Amino acid sequence: MEMRAFRRAVDDSFHYEEFHCEEFISGIGPMETAFSLTSRLSRGTSDLRAVLHFGIAGAYHRPHAAGAGILDICLATEEIFADMGICHGDGIEHFAASELGARNCFSLNSGLLQEAAGLLAAENITARQGRFLTVSCVSGTRKRGDMLAEMFDGLCENMEGAAVARVCEAFALPCLELRCISNFVEDRNSDNWRLKEACRRAGATAAMLAQTLNPEP
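Residues numbered from 1 in each chain as written. Predicted model: local features only at pLDDT ≥ 70, side-chain atom pairs only at ≥ 80, totals over all residues. Heavy atoms only, no water.

The subject of this paragraph is the overall build of the protein. The helix and strand tally for the protein stands at six helices and eight strands. Taken from N to C terminus, the helices and strands of the protein fall in the order α-α-β-β-β-β-β-α-β-α-β-α-β-α. For the protein, the C-alpha radius of gyration of 17 Å lies close to 17 Å, the compact-globule estimate for 217 residues. Taken over the C-alpha atoms alone, the protein extends approximately 55 × 40 × 25 Å along its principal axes. When burial is assessed residue by residue, the protein has 43% of its 217 residues classed as buried. Long-range pairs, those at least 24 residues apart, make up 79% of the contacts in the protein with a sequence separation of at least 6. (Helix = DSSP H or I, 4+ residues; strand = E, 2+ residues; numbered from the N terminus. Rg over C-alpha atoms; globule rule 2.2 N^0.38 Å. Buried < 20%, exposed > 50% of the residue type's maximum accessible area, 1.4 Å probe, protein only. Contact = heavy atoms within 4.5 Å.)

Let's shift gears to the packing of helix α2 (residues 30-41) against helix α5 (residues 161-170). As a packed pair, α2 and α5 sit with axes 8 Å apart at the nearest point and diverge in direction by 30 degrees. When the interaxial angle is binned, α2 and α5 end up roughly parallel. The handedness of the crossing between α2 and α5 comes out as right-handed. Here P30, T33, A34, L37, T38 and L41 of α2 lie close against α5, whose contacting residues are A163, V164, V167 and C168. Considering only residue class, the contact of α2 with α5 consists of eight nonpolar, two polar and no charged. (Axes fitted to C-alpha atoms, helices over the stretch in contact; angles between N-to-C directions. Parallel < 35°, antiparallel > 145°, perpendicular 65-115°, else oblique. Left-handed = near helix turned anticlockwise from the far one by under 90°. Nonpolar A, V, L, I, M, F, W, Y, C, P; charged D, E, K, R; others polar.)

The next thing to look at is the nonpolar core. Counting 26 residues, the largest nonpolar core has F6, L75, L120, L176 and L209 as its most contacted members. Listed by contribution, the elements that provide at least two residues to this core are α1 (2-13), β1 (51-59), β2 (73-81), α3 (110-122), β8 (175-184) and α6 (195-212). The element best represented in this core is α6, accounting for seven residues. If you look at the next biggest cluster of nonpolar residues, it comprises 22 residues, including L155, C156, V164 and C175. (Core = buried A, V, L, I, M, F, W, Y, C linked by side-chain atoms within 4.5 Å.)

This brings us to unusual backbone geometry. Note on backbone geometry: most residues besides glycine have negative phi, and most peptide bonds are trans. Despite not being glycine, N124 shows a phi value in the positive range, around 60 degrees. Relative to the assigned elements, N124 resides in the loop between α3 and β6 (127-134). With a relative accessible area of 73%, N124 lands in the exposed category. One non-glycine residue with positive phi stands out, namely A172, at about 55 degrees.

A few words on the side chain of H53. Positionally, H53 belongs in strand β1. The exposure class of H53 is buried, given its relative accessible area of 10%. A polar side-chain atom of H53 sits 3.1 Å from a polar atom in the side chain of R179. Excluding residues that lie within four positions of it along the chain, H53 makes contacts with E160, G161, V164, L176, E177, L178 and R179. (Polar contact = N/O pair within 3.5 Å; in protein donor to acceptor, adjacent residues only side chain to side chain.)

Our next topic: a positive patch on the surface. Judged by side-chain charge, R4, R8, K196 and R200 come together as a positively charged surface patch. Breaking the positive patch down by element, the ones donating at least two residues are α1 and α6. Note on placement: R8 falls in helix α1. Among the residues examined, R8 registers a relative accessible area of 46% and is labelled partly exposed. (Patch = residues over 30% accessible without salt bridge, like charges linked within 9 Å, V, L, I, M, F, W, Y side chains within 5 Å. Areas by Shrake-Rupley, 256 points an atom, 1.4 Å probe, with all protein chains shown as cover. Salt bridge = Lys/Arg side-chain N within 4 Å of Asp/Glu carboxyl O. Lys, Arg positive; Asp, Glu negative; His and termini not counted. Charge placed at Lys NZ, Arg CZ, Asp CG, Glu CD.)

Glancing now at the pairing of β6. Along any regular strand the residues' side chains alternate between the sheet's two faces. Two strands pair when backbone bridges link them, and β2 and β6 are joined in this way by eight bridges, in the parallel orientation. Within β6, the residue paired with L75 across the bridge is Q129. (Pairing = 2+ DSSP bridges.)

Here we take up the packing of α1 against α6. At a minimum axis distance of 7 Å, the contact between α1 and α6 shows a crossing angle of 50 degrees. Judged by the angle between their axes, α1 and α6 are oblique. The element α1 and its partner α6 pack so that their crossing is right-handed. Between α1 and α6, the contacting residues are E2, A5, F6, R8, A9, V10 and S13 on the first element and C199, R200, A202, G203, A204, A206, A207, A210 and Q211 on the second. The class makeup of the residues in the contact of α1 with α6 is 10 nonpolar, three polar and three charged.

On to the pairing of β1, then. The buried count for β1 comes to eight of nine residues, which makes it a mostly enclosed element. Judged from the nine bridges that link them, β1 and β8 form a sheet pairing that is parallel. Counterpart to G58 in the pairing with β8 is N183. Strand direction decides the pairing type here: β1 and strand β7 (residues 154-158), joined by two bridges, are antiparallel. From the neighbouring strand, A59 faces β7, where its bridge partner is C156.

Below you can see the structure in the form of structure tokens.
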């Protein structure tokens, strides 16, 4: 749904076939995303300057000044693979043994982040910035969401971001992640979701950035 909105937004500006951007749909979840993106980048990256990763996310309940609201645009400062480790009743313990090589924190490109924030501000779009949490299983309760938000100081959660950031790091490709909030992370209630509107806004905002960002070669 996000990619359809992206295409419509590009078509509103000029013919899609004239737009120098390769679209790619990763699939759902960190494993499918890591596999599909690695498969694509393994075929060559000489024609790519950056990866713009966009989609929707669920916002954690935070104090108003720190939190994001429904349909807000958010930009990731870093990605945390939040539920990799040992699951206890009241939290998740990260693997401590260094020999396991279990990283769970991945940075996004600061230059692209700053440029994107400036371009959005010029369009009067306020973008929240913060730490995104990637999970293998979305949080279906407010209790789990609050636990993750407190553990990692998270702004919102998704299912692909850490995988994209990790793969882009391996291929030395700058990465920017943008998401639009479709719901709060709370006891599951689809009546409160704004999926279609969030997909449209995520796609349209990503299209605007894809046309105006100028990543270093």
